[in-house]
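Descriptive structure summary
Letter by letter, the chains look like this.
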Protein chains: 2
Amino acid sequence: MTKPAHLTTTSQPIYDSLRDEILSGAIRPGEPLRQDEIAKRHGISKIPVREALLKLEADGFVLFRKNRGAMVRELSAAELLHLMDIRVALECKALELAIPNMIQSDFDVMHALLKQYAEVETVEHWSSMNQSFHNALYEPCGNAQLLDMIRDIQQRMGPALRLLMTEASGLDRPNEEHHAILSACESGDVTGAVDLLRAHIETSKKETAARLRRRDTV
Amino acid sequence: MTKPAHLTTTSQPIYDSLRDEILSGAIRPGEPLRQDEIAKRHGISKIPVREALLKLEADGFVLFRKNRGAMVRELSAAELLHLMDIRVALECKALELAIPNMIQSDFDVMHALLKQYAEVETVEHWSSMNQSFHNALYEPCGNAQLLDMIRDIQQRMGPALRLLMTEASGLDRPNEEHHAILSACESGDVTGAVDLLRAHIETSKKETAARLRRRDTV
DNA sequence: ATGCTACAAATAGTATACGAATTAGAAGAA
DNA sequence: TTCTTCTAATTCGTATACTATTTGTAGCAT
């Protein structure tokens, strides 16, 4: 999904570069992506640029309009919350499948990740730590396609969430919940862990919704 | 996902045509897709053909290999079963979200669909009926992105399942389960309906797995 | 001054062309 | 005969070039 980039070397760096710029917010939602300009900037022709943009469209990052090229896609508040519902479905299923496959080294990795939470400073760092822990939870599920979809969804939410997180209240609540989920996994309690994870994501969703409401009314 | 085809008119018909040929089995898994040949056949240049192929790659229907072009992607048995797990997750979530939004006209549509089951003859017809009923179940969920993903998964499984279904034993079991699910929806029993749906898809998965095993050992 | 038309600039989309890589086949050696 | 190696023919990937659509601007009329 995200990975099997067609290996045609020329468009791959363009794709990566544009994707990073969108995810980091360097290119703002709604901003048009000029093919000639990008091509010139990278010293190549438009063709690989178009291919990179098409791939970004397939990933949901940009939007094409007939004869008007590509623009960075803006996620509406509703779409963001809808993606959260999809996260609940996919991530709970992944965890359910993963727990029976977990071995000690998996738990070790996750504990190590949780320890590092104390030292996070920037929002970006926290966000990537968070993603790492969640991915570590799901990784043993053995379903590569499911893992791909989860990564896709997380990334699609990225730019929008990054903005909201700047006004995030506390990091303690998610941290505690992560520990609880990990404990349930270690005791092999599948339904318990899944219920905790579901509640974890649902709470995030509600907080996000609240922040969105607040921002929209301001 | 599937729909927001970039509206550049030239590659759209190519995409549709190739997609149909793959879904219908006219182009077999593993078969290479020659860009020049397709371009000549449609009287256009390679560029829109490549764009169509890249879109098909993003949808998971074809696979690109460096300097060797695109070939129709073959789903392994394991991948097929993995997609079934994803179906369970996504479709159960969609149904859960849909039931509170269902109104009488939704139920009417679903009953009408189930009545038509008696008259199906070909495997293709049954398959499309089946998909229609499932989609009708999820449609009221109000989450367009989720519906898109469900359609995507169903289509990706299409070609592989079509083959297996030819040796399908009975159509009665799924039909009865569909009635049971619909009843639960009508009485507003969310968890009951979702449990029935989960069992319904899980059973399909097990039957598919059994058929795959049988075929592989033969 | 404001709104409309006509023209010019910019930008997207696609055809053509070409270099690079792969594949196929033929010729020669073991 | 069978395996290697070299050459020829495909086929891919991308640069260049051209057309068409869109956007911006100036001039005109109201």
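Throughout what follows, the structure given in this document is the object of discussion. Here the structure is a predicted model, which means the values were calculated and not measured. (Residues numbered from 1 in each chain as written. Chains lettered and ligands numbered in written order. Predicted model: local features only at pLDDT ≥ 70, side-chain atom pairs only at ≥ 80, totals over all residues. Heavy atoms only, no water.)

Describing the sheet that holds strand S3 (residues 69–72) of chain B
Residue and element names in this part refer to chain B. Heads up, the rule is: Paired strands are those between which DSSP finds at least two bridges. Helix and strand definitions follow DSSP, with helices as H or I runs of at least four residues and strands as E runs of at least two, each counted in order from the N terminus. Contacts are residue-level and defined by heavy atoms, with any inter-residue pair within 4.5 Å sufficient. The axes are straight lines fitted to the C-alpha atoms, using for helices just the contacting stretch, and the angles between their N-to-C directions are given from 0 to 180°.
Strand order across the open sheet formed by 3 strands is S1-S3-S2, with antiparallel pairing between neighbours. One side of each edge strand has no neighbouring strand; the edge strands of this open sheet are strand S1 (32–33) and strand S2 (62–65). Looking at chain direction, S1 and S3 are connected through 2 bridges and run antiparallel. Directly across from Pro 32, in S3, lies its bridge partner Met 71. Packing of helix H3 (residues 46–58) onto the sheet brings it into contact with S1, S2 and S3, and relative to S2 it is tilted by some 115 degrees.

Side note on the packing of helix H6 (residues 123–138) of chain A against helix H8 (residues 172–186) of chain A
All names here are of chain A. Going by this rule: Note on terminology: angles under 35 degrees are roughly parallel, angles over 145 are roughly antiparallel, angles of 65 to 115 are roughly perpendicular, and the others are oblique. Rotating anticlockwise by less than a right angle from the far helix to the near helix defines a left-handed crossing, while the corresponding clockwise rotation defines a right-handed one. Amino acids outside the nonpolar list (Ala, Val, Leu, Ile, Met, Phe, Trp, Tyr, Cys, Pro) and the charged list (Asp, Glu, Lys, Arg) are all regarded as polar, and Gly is one of them.
Taken N-terminus to C-terminus, the directions of H6 and H8 make an angle of 15 degrees; their axes are 12 Å apart at the nearest point. As judged from the angle between their axes, H6 and H8 are roughly parallel. Considering only the axes of H6 and H8, their crossing is left-handed. Residue-level contacts link Trp 126, Asn 130, Phe 133, His 134 and Leu 137 of H6 to Pro 174, His 178, Ile 181, Leu 182 and Cys 185 of H8. By residue class, the composition of the contact of H6 with H8 is 7 nonpolar, 3 polar and no charged.

Brief notes about the sheet that holds strand S3 (residues 69–72) of chain A
Residue and element names in this part refer to chain A. Sheet architecture is open: 3 strands sit in the order S1-S3-S2, paired in antiparallel fashion. Looking at which strands have only one partner, the edges of the open sheet turn out to be strand S1 (32–33) and strand S2 (62–65). Judged from the 4 bridges that link them, S2 and S3 form a sheet pairing that is antiparallel. The partner of Leu 63 across the bridge, within S3, is Met 71.

A short note on the relation of the copies chain A and chain B
Inclusion rule: Here the copies are superposed with least squares, the fitted atoms being C-alpha atoms of residues at a pLDDT of at least 70 in both.
Its rotation angle being 180 degrees, the transformation that places chain A on chain B also includes 0.1 Å of axial translation and leaves an RMSD of 0.1 Å. Taken together, the rotation and translation relating the two chain copies correspond to the operation of a two-fold axis. The rotation axis passes nearest to the C-alpha of Ala89(A) in chain A, at a distance of 2.6 Å. A shared binding surface is used by both copies, with 100% of the interface residues of chain A retained as interface residues in chain B.

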